[in-house]
Amino acid sequence: MSWGITISDHDSHSVEWQHRQDDVLQWCEGRKDWTHVAHAPVVIANKVWIGFNASILKGVTIGEGAIVGACSVVTRDVPPFSIVAGNPARVVRTLPFA
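Residues numbered from 1 in each chain as written. Predicted model: local features only at pLDDT ≥ 70, side-chain atom pairs only at ≥ 80, totals over all residues. Heavy atoms only, no water.

One open sheet accounts for three strands, arranged β1-β4-β7; its pairing is parallel. Either end of the sheet is taken by a strand with one partner, and the two such strands are β1 (6-7) and β7 (73-74). Strand direction decides the pairing type here: strand β4 (residues 55-56) and β7, joined by two bridges, are parallel. The residue of β7 that forms the bridge with serine 55 is valine 73. (Pairing = 2+ DSSP bridges. Helix = DSSP H or I, 4+ residues; strand = E, 2+ residues; numbered from the N terminus.)

Here it is in structure tokens:
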């Protein structure tokens, strides 16, 4: 993993105004209500290389031996032994199995 990577397993806040209007204040007070915030685990397999400033979003699985290009935004699963890049990240190459 390189520097500046962001890995997030949640959306940080609800998309509905009535559920997020006091988010920052509640978070600062240690009482944020996370029940209306979408979340899903992120899974990163072995032998993965993630370039600098990449963002990995909720619910994504990055397969074994995959490479995530610098500054990419990964919104979908990455197949094993593939290279993804861009915003949103797309497969740009498939690697031979190592």
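Resuming the write-up.
Position of serine 72 among the secondary structure elements: in the loop between β6 (67-68) and β7. Look at serine 72 and you get buried, because its relative accessible area is 0%. Reaching out from serine 72, the side chain makes a polar contact with the backbone oxygen of glycine 69 at a distance of 2.8 Å. A polar side-chain atom of serine 72 sits 3.1 Å from the main-chain amide nitrogen of glycine 86. Those residues within four positions of serine 72 in sequence are excluded, and the remaining contacts are Asn53, Ala54, Ser55, Val84, Ala85, Gly86 and Ala89. (Buried < 20%, exposed > 50% of the residue type's maximum accessible area, 1.4 Å probe, protein only. Polar contact = N/O pair within 3.5 Å; in protein donor to acceptor, adjacent residues only side chain to side chain. Contact = heavy atoms within 4.5 Å.)

This part covers the nonpolar core. Core analysis: the biggest nonpolar cluster contains twelve residues, these being Val48, Ile50, Ala54, Ile56, Val60, Ile62, Ala66, Val68, Val74, Val78, Val84 and Ala89. Ignoring anything within four residues of it in the chain, the contact list for alanine 89 reads Ser72, Val73, Val74 and Val84. (Core = buried A, V, L, I, M, F, W, Y, C linked by side-chain atoms within 4.5 Å.)

It is worth spelling out the sheet that holds β6 at this point. Taken in spatial order, the four strands line up as β3-β6-β8-β9 in an open sheet, and their pairing is mixed. The open sheet terminates on both sides in strands that have one partner only, identified here as β3 (49-50) and β9 (89-94). Where strand β8 (residues 82-86) lies against β9, five bridges are found, and the strand directions are antiparallel. Looking at the pairing, isoleucine 83 lines up with arginine 93 of β9.

Don't take any of this as a statement about function, it's just geometry.
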